[in-house]
Structure formats: structure tokens, C-alpha cells
Amino acid sequence: MQTALADFIRDTPLGREADAILRSCVHCGFCLPACPTYQLLGDELDSPRGRIYLMKQLLEGEPVTARTQLHLDRCLTCRACESACPSGVQYGRLLDIGRALTEERVPRGPVARARRLLLRKIVPHRRRVHALLALARAVRPLLPRALKRRLPDRGTRRPSPPPWPAARHARRVVLLEGCVQPALAPGINVAAAQVLDRLGISALRSASGCCGALSHHLSAQTEALGQMRRNVDALWPQVEAGAQAVVASASACASMLGDYGRLLQGEAGYGARAARISSLARDISQVVAAEAPALRAALAAAGGESPPGGPRARVAFQAPCTLQHALKVTGVVESLLAAAGFTLTAVTDGQRCCGSAGTYSILQPQLAAQLLRAKVAALEGGAPDVIATANIGCLAHIRSGTSLPVRHWVELLAARLMDG
Ligand code: SF4
Ligand code: SF4
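Once a new chain begins, its residue numbering starts again from 1 and follows that chain's sequence as written. Just so you know, chain letters begin at A and ligand numbers begin at 1, following the order they were written in. Since the coordinates come from a predicted model, pLDDT governs what is reported: local features require at least 70, and pairs of side-chain atoms require 80 or more to be given and counted, while whole-chain, interface and lining totals use all residues. The side-chain numbers reported here are obtained from all heavy atoms of the structure, hydrogens and water having been left aside.

Asker: So, the pattern of salt bridges: which residues are in play, and what are the values?
Answerer: Whenever a carboxyl oxygen of Asp or Glu lies within 4 Å of a side-chain nitrogen of Lys or Arg, that contact is scored as a salt bridge. All chains considered together, the criterion is met by 23 salt bridges. The closest approach of N and O atoms between glutamate 60 and lysine 56, which form a salt bridge, is 3.2 Å. Taking the relative accessible area as the measure of exposure, lysine 56 reaches 14% and is therefore buried. Its salt-bridge partner being arginine 105, residue glutamate 104 comes within 3.4 Å of it at the nearest N-O pair. Using a relative accessible area of 35% as the deciding quantity, one classes arginine 105 as partly exposed. In this structure, a network of salt bridges that share partners links the residues Asp73, Glu103, Arg108 and Arg116. Burial classes follow relative accessibility: with a 1.4 Å probe on protein chains only, a residue under 20% of its type's maximum area counts as buried, one over 50% as exposed, and anything between as partly exposed.

What follows is the structure, given as C-alpha cells:
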């Protein structure tokens, strides 16, 4: 694609990066069938190619309007278009640039501003999420059904998660603690630590928190970079002491960790450490999959608590977009669950987003609800006993649309590996 970037950005690092991405798009349209919003709305401007065109106009200095913002807002950032694109267009990166520039030029109304601010001030902060959950539980009968289903327990207090395994192995990784997940599903990180412990790897805790993805995707870059720097400081002592990986049990966080090096590039005191952390960043599935012989031995030795639905439970796996499109991890979790004795049910349109997409289900509720209905129908189509996923946002969103149990896959594997 030919471009003629405007003076305000042409000779800047951001401009050069955006220009290279724009030029790599050949307008072939192969990405259109992969795009959930194009499938739902049928408008070229709600497709990857249409949004690329809108961002080209913006970068070439043409007026930016609320219409541009609307079409960029409607993007899920699912990056299914990247997986479908034969030219390797880095759409997600271009969208980050396009959204940030649009945010500066198109003021939002007071309600939209307040909603986005509230999300940024609550969700990345574990204690605030805990407080909000306590409040939600107190008024549970008054909540709409979909919101009730998102709460971590349904009427009774959730039992405390089992204790964190002692650091007894020479091989060590450090775990990103995260923000929403420890509040909504405190058992997931423990399950990840238990699985790794059975594989001969100790998962070390850290004072880390939100990975920064939420603020980053809401174009609050200063805030996001602050959260990333705090995590670099929190994770670094374990990295320096020889941790072989920086592990996240939420695929969205693993993907964000992988971007720290680029986003903090050149920053005094942070650039080199962030690059090292990104080079070590792994989703928990990548770490477990790399330990195939140890996993086989651990499964053979396991007594195995019955997972939901029984020891041979039928599992429908929902691959989060961050796992399959951002991290390019496909088929790995399914293989791990099959090796552990679970029966994987068929899921149609497995590459399609569930509609969770960070804060999308809150900011674009109608589109998110349509995607959720389609996803739940696809997941339930194979009559599973349990739905598994790899990301807390997807887990909470899918749970709001089904009566089946929804778990992180690593919890199923941990239950299989632990003594009953
Ligand atoms: S993003 Fe890729 S698939 Fe889509 S129009 Fe451009 S080159 Fe084609
Ligand atoms: S990221 Fe997803 S929603 Fe956005 S343009 Fe690409 S495929 Fe469509």
C-alpha cells in the first residue's frame, strides 16, 4: 500500500513503525472472513482492512472523527486477522498506535470517560477488585443473572485455595501474580504451581501485579508503562537469581509480558531488564508442554482426584485469542488434556473470539453478548461435562453464558496430578 504520512508523525519512530505496517498490507481482504466484527456487522469499516484504511487516513493527516473512533473501539483486538493475513501485517501494533492518536484527537463524552477511568482504577488493583466482589456478593440477589454468574461462587463462600508448594526444586520459574485472577479464581495460580512442582520445577511468587494490558488497550499508556515498570522491579530479583522463565497462567498476561521489551525499549534502568523478562515470558501451557517426559511420569504416578464430570470427563477447550493469535500456541493445551486422560469434544469456529477481550464485554456489551452466545453454542455442541480455557477474562465471560462448569485447564490437570 502506498502511503504519504503527515508531517506530525512522518519522521518519528512511531511514524516509521506505522508506515512499515501500512505498507505491508496489500489490501487482499483475506483477513475479512476471520474478523468477528465484520462477520456480525457486515461493514467494511468494521473489518481489519477497513480499520487499516481509517488509520492510514489518520496518519496521513486527514480529519479524525467520532466515526473513526467508533470503528476502532469495536475492534476486539483479537488478532484473528493477523493469523489469517498472508502478508504478516502487524495489525495489533498498528491499532495501538491508531487508537492512541485517535484518543488524543477525539474527546469522549463524560459518561464514556468515567466508565473507562473507573475500569482503569479498579480492575488492575487486586484489593479494589476484592472489595467490589464483596459488595457484589452482598447485593447478589439484586444483580442481573449474567452478572451473578460472573461471581466466583454462587451463594456460598469459596473454600480457600490449597497451600502454595514449597520451593524444593533447583529448577525455578517466577510467576506473574496478576490482578483480577487472584480475586476471581485464586486457585488457578496455585494449580499452576502444583503442576510445575510435580514436573520438578518450583514456581516462585513475586510482588508483581497487573501486567498493564488493560490500561495499554484503553490507550492509557503512561499508566500501563508504570504497571510494567513495577512488574520489572518485582520480577527481577528472581530472574537475576536464575529463574528459567517468567510464567503467567493467564494467556493475555503472558502475551503482554512478551511486549515489555519493546514497550520499555531504551528506558534507563528498565530497557535491558524488560527485554530479558520478555525473552523469558511464557504462558503456563508452553512451560508444561516443554516437560513432556516429566508430565508422562507424573501422570503415570498420579492417583488423580476426579475432575468435574469424572475421571474421563469430556472437555470443550476454548482457546483464548491471546493464546492462539498473539502467542501462536495452538493445539498444545488440547494435547496436554488428552495426555491426562480427558476427552476433548469438537468445538466449531475455534479461532473465533468469545467477546470477552479485556474490557470489551463491558464497553461493547451488545457485540460481546452476540459473540458469547455463538461461542457457548459452539462449546456446548459436543456435549462436554466441563468447559476449559486459558485466560481469566474468557473464563468469567463464558461462565456468564453457560450453566456448565468453566475452569482453567491447569486446574483440571492439577486435579488429575494431585493425590485424591
Ligand atoms: S491485513 Fe493482510 S489479509 Fe488483510 S487486507 Fe491487508 S494484507 Fe490482506
Ligand atoms: S483484531 Fe479481531 S476484531 Fe479487530 S480487526 Fe482483527 S479480526 Fe477484526
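Asker: Go over the site of ligand 1 with me, naming the residues and quoting the values.
Answerer: Around ligand 1, a shell composed of 13 residues is seen, among which Cys25, Cys28, Gly29, Cys31 and Cys85 lie nearest. Charged residues are taken to be Asp, Glu, Lys and Arg, nonpolar residues to be Ala, Val, Leu, Ile, Met, Phe, Trp, Tyr, Cys and Pro, and polar residues to be all remaining types, Gly included. For the shell around ligand 1, the residue count by class is nine nonpolar, three polar and one charged. Proximity is defined per residue: if any heavy atom of the residue lies within 4 Å of a molecule or strand, that residue is considered near it.

Asker: Outline the pairing of strand β5 (residues 314–317), supporting the account with residue identities and numerical values.
Answerer: Strand pairing requires that DSSP identify at least two bridges connecting the strands. Strands are runs of DSSP state E lasting at least two residues, helices are runs of H or I lasting at least four, and both sets are numbered from the N terminus onward. Two elements, β5 and strand β6 (residues 343–344), share two bridges in a ladder whose sense is parallel. Of the residues in β6, the one forming a bridge with valine 315 is leucine 344. Pairing of β5 with strand β7 (residues 386–389), which is carried by three bridges, proceeds in the parallel orientation. Its bridge partner being in β7, alanine 316 is matched across the sheet by isoleucine 387.

Asker: Provide a residue-level description of helix α2 (residues 13–24), including the pertinent values.
Answerer: A helix's residues, less one, multiplied by 1.5 Å, set its expected span. In this model, α2 (12 residues) spans 17 Å end to end at C-alpha, consistent with the 16 Å of a helix rising 1.5 Å per residue. Every buried residue belonging to α2 is among Gly15, Ala18, Asp19, Ile21 and Leu22, and all of these are buried. All buried residues of α2 lie within an arc of 165° about the axis, which places them on one face of the element. On the buried face of α2, the contacting elements are α1 (7–10), α4 (48–59) and α7 (91–105). Working definition: the arc comes from the directions between the helix axis and the C-beta atoms, pointing outward to the latter. For this analysis, residues touch if any pair of their heavy atoms sits within 4.5 Å.

Asker: Tell me what's going on with the packing of aromatic side chains, and back it up with residues and numbers.
Answerer: Any two of the Phe, Tyr and Trp rings considered here, Trp counted by its six-membered ring, make a pair once their centres fall within 6.5 Å; the pair's planes then place it as stacked at under 30 degrees, edge-to-face at over 60, or tilted in between. Following the criterion strictly, the structure yields zero aromatic pairs and no others. It is arginine 205 that lies over the ring of tryptophan 164; its NZ or CZ is 4.3 Å from the centre. Whether a charge lies above a ring is judged from NZ of Lys or CZ of Arg, which has to be within 6 Å of the ring centre and within 35 degrees of the ring normal. The ring of tyrosine 270 has arginine 273 lying over it, and the distance from NZ or CZ to the ring centre is 5.0 Å.

Asker: Let's hear about the sheet that holds β7: which residues, and what values?
Answerer: The sheet built from four strands is open, its strands ordered β6-β5-β7-β8 with parallel pairing. Strand pairing shows two members of the sheet lacking a second neighbour, β6 and β8 (406–408), which therefore form its edges.

Asker: Hey, could you go over the nonpolar core for me, with residue numbers and the actual values?
Answerer: To define a nonpolar core, start from buried Ala, Val, Leu, Ile, Met, Phe, Trp, Tyr and Cys residues and group those joined through side-chain atoms within 4.5 Å. Among the nonpolar cores identified, the biggest contains 63 residues, and Val288, Ile398, Trp409, Leu413 and Leu417 are the most heavily contacted of them. Ranked by residues supplied to this core, first place goes to helix α12 (residues 187–198) with seven residues. If we ignore the near neighbours within four places in the chain, the residues touching tryptophan 409 are Ile284, Ser285, Val288, Phe317, Val333, Leu336, Leu337, Ala388, Thr389 and Ala390.

Asker: Talk me through the packing of α12 against helix α25 (residues 409–417); I want residue IDs and the actual numbers.
Answerer: Note on geometry: axes are lines fitted to C-alpha atoms, helical ones only across the stretch in contact, with angles between N-to-C directions running from 0 to 180 degrees. Where α12 contacts α25, the two axes come as close as 8 Å, and the packing angle between them is 50°. Taken together, α12 and α25 sit at an angle that is classed as oblique. Along this stretch, α12 crosses α25, giving a crossing that reads as left-handed. Along its contact with α12, which presents Gly187, Ile188, Ala191, Ala192, Gln194, Val195 and Arg198, the element α25 presents Val410, Glu411, Leu413, Ala414 and Leu417. Taken together, the residues that form the contact of α12 with α25 break down as eight nonpolar, two polar and two charged. Note on angle classes: values under 35 degrees are labelled roughly parallel, values over 145 roughly antiparallel, values of 65 to 115 roughly perpendicular, and the remainder oblique. Each crossing gets its handedness from the near helix: less than a right angle anticlockwise from the far helix is left-handed, clockwise is right-handed.

Asker: Please provide a residue-by-residue account of the side chain of histidine 71, values included.
Answerer: Tracing the chain through its elements places histidine 71 in helix α5 (residues 66–73). Judged by relative accessible area, histidine 71 falls into the buried class, the value being 3%. Setting aside anything within four residues of it in sequence, one finds histidine 71 in contact with Asp43, Leu45, Asp46, Arg51 and Leu54.

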